[in-house]
Amino acid sequence: MTAAIVAGLAVALTIAAAVAGGVLGRTADPGPGAGGTDPQAYGQAAGGGTAAGIGRLQRHLRAQPRDAESWTALGLSYVEQARLTADPSYYPKSAAALRRALAVRPDANDGAHAGLAALAAARHDFGTALSEADAALAINPYGQSALAVRIDALVELGRYPEAMAAAKHADAVRPGTPVFTRLAYVDELYGRTGEARRVLSLAASSATAPADQAYVHDQLGELAWNGGDLAAAGREFGLALRHDPGYLPAVDGRARVEAARGRTARALADHARVVAALPLPQYLTGYGELLEARGRTADARRQYAVAGSWSTLARASGVATDLETALFEADHGNAATAVAAARAEWGRRRSVHVADALGWALHASGRDAEALPYAEKALATGYRNASFRYHLGMIEKSLGRRSAARRDLAAALRLDPSFSPLHAPKARAALSALGGAA
């Protein structure tokens, strides 16, 4: 399970991830500048660090409790603090602050609705994210955060034609880094990786802030990584870190590239750096899988245990974690739990990532005939994803569909020979057993 999937499976524990939703795609991190209130006003309120900004806002609101914009800024600050600390217990605080903003000013309060949309996306409640984004846009059709969250919600609900229309509309009325990166992601979901790269390259050439540059180059790195181009991925992750040496998603990307190149010590050091600062499931699981692939099973289990603890805390804070749970349990835990979680998520949304998770969970439980249609749905848009193709190939192998399995396992390894430190070797072994070659 890669970082791109988990948040993106990404989670998106942040204004960034929130606004993206990602758990399930790279949209999980919408990137800088996508806050739910005016970005300049938010920056002034929270300047000097998010924690310090929260303290200033709290003191201000004790003196001026009727300041709706400051309640909104506080709510968004809590979402951002969740991103920075990997602590989802900030979400209920965010919800309370944003509801207070609406109570103080119930009419024409697009900022509070946009904030609630971002919070809902962070909690993976994409139906609510969509309705709140629509409420914000009914008041202010040009709100960048609401436009961005609306795209994310449609993507995560599996409503891809609507997501593309929303992205093109947002690009027409409020172009910028948050919109460019989402437009590129929808293109990628349709298999149009060349167009996705073109849009991201334009975003990189137009971005000025170091944080925006880091975010866009990280997205270019993920696109290259998903296409198996280690040289380009390493270059883009390096550029991201040149602009912002502390940008942890790019450190995680660099770790995956180093592992694929056989530089295990460097990869493990980067993974350890990431989880020490940001112990989110996608990073913990990626680190654990590399440890497991290197025979360090006990160390891997410790990472998986921390990921499980985070999921428990996240659920208590109102985050829907069924997609993450389904993938994790299918690979590392209980197959029945994986199926139950995936079915619950499929009942809420029909994205390609959920289809893949349900198919893989059913495979783990030995129900391959049921799994096959979901694994096929996961690739129906044209999305070029090596893990998805591997899952389909393994399901086909279990069903005795040898020719199809050879085709799909070989396709997975051609697309990205290093897609997983655990599963890429399994794909090669399965392909060899079928008499095929990558």
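A quick note: this is a predicted structure, and the numbers were derived from the prediction, not measured.

On to the packing of helix α12 (residues 210-226) against helix α13 (residues 230-243). Running from N to C, α12 and α13 cross one another at 165°; their axes reach a closest spacing of 8 Å. Looking at the two axes, α12 sits roughly antiparallel to α13. Two packed elements cross with a definite hand, and for α12 against α13 that hand is left-handed. Contacts from Pro-210, Gln-213, Ala-214, His-217, Asp-218, Leu-220, Gly-221, Glu-222, Ala-224 and Trp-225 of α12 reach α13 at Leu-230, Ala-232, Ala-233, Glu-236, Phe-237, Leu-239, Ala-240 and His-243. Of the residues belonging to the contact of α12 with α13, the class tally is eleven nonpolar, four polar and three charged.

Where helix α3 (residues 50-63) meets helix α4 (residues 68-85), the closest approach of the two axes is 9 Å, and the angle between their N-to-C directions is 155°. By the angle class used here, α3 and α4 are roughly antiparallel. For the element pair α3 and α4, the recorded crossing hand is left-handed. In contact with Thr-50, Ala-51, Ile-54, Leu-57, Gln-58, His-60 and Leu-61 of α3, α4 contributes Ser-70, Trp-71, Ala-73, Leu-74, Ser-77, Tyr-78, Glu-80, Gln-81 and Leu-84.

Our next topic: the environment of Pro-210. Looking at the secondary structure, you find Pro-210 in helix α12. For Pro-210, a relative accessible area of 47% puts it in the partly exposed group. The spacing of Pro-210 and Ala-240 is 30 residues in sequence and 8.7 Å in space, taken between C-alpha atoms.

On to the nonpolar core, then. Residues Leu-74, Val-155, Tyr-390 and Leu-409 are the most contacted members of the largest nonpolar core, which totals 139 residues. When residues in this core are grouped by element, the largest group, nine residues, is from helix α6 (residues 110-122).

With 14 residues, helix α19 (residues 335-348) extends 20 Å between its outermost C-alpha atoms, agreeing within 8% with the 20 Å of an ideal straight helix rising 1.5 Å per residue. The set of residues buried in α19 consists of Ala-335, Ala-338, Val-339, Ala-341, Ala-342, Glu-345 and Trp-346. At its buried positions, α19 is contacted by α18 (322-332), α20 (352-364) and α21 (368-378).

What the rule picks out here adds up to 22 salt bridges. Note that Asp-152 is salt-bridged to Arg-182, the shortest N-O span being 2.9 Å. On the criterion of sequence distance, the pair formed by Asp-152 in helix α8 (residues 144-156) and Arg-182 in helix α10 (residues 177-189) is long-range, its members being 30 residues apart. Accessibility classification places Asp-152 together with Arg-182 in one group, the buried group. The salt bridge partner of Glu-162 is Arg-159, with a shortest N-O separation of 2.8 Å. A residue is classified by how much of its surface remains accessible, and Arg-159, at 33% relative accessible area, is partly exposed. Residues joined by salt bridges that share partners form a network here, namely Glu-156, Asp-322, Glu-345, Arg-348 and Arg-349.

The next point concerns the confidence of the model for the chain. Caution applies to low-pLDDT parts of the model: their predicted coordinates are not meant to be read in detail. Residues at a pLDDT of 70 or more form 89% of the chain, whose mean pLDDT is 89. In the model, residues 1-47 has pLDDT below 50 throughout and makes 197 contacts with residues more than four positions away in sequence or in other chains.

Criteria and cut-off values
Residues numbered from 1 in each chain as written. Predicted model: local features only at pLDDT ≥ 70, side-chain atom pairs only at ≥ 80, totals over all residues. Heavy atoms only, no water. Axes fitted to C-alpha atoms, helices over the stretch in contact; angles between N-to-C directions. Helix = DSSP H or I, 4+ residues; strand = E, 2+ residues; numbered from the N terminus. Parallel < 35°, antiparallel > 145°, perpendicular 65-115°, else oblique. Left-handed = near helix turned anticlockwise from the far one by under 90°. Contact = heavy atoms within 4.5 Å. Nonpolar A, V, L, I, M, F, W, Y, C, P; charged D, E, K, R; others polar. Buried < 20%, exposed > 50% of the residue type's maximum accessible area, 1.4 Å probe, protein only. Core = buried A, V, L, I, M, F, W, Y, C linked by side-chain atoms within 4.5 Å. Expected span 1.5 Å × (residues − 1). Salt bridge = Lys/Arg side-chain N within 4 Å of Asp/Glu carboxyl O. pLDDT = per-residue confidence, 0-100.

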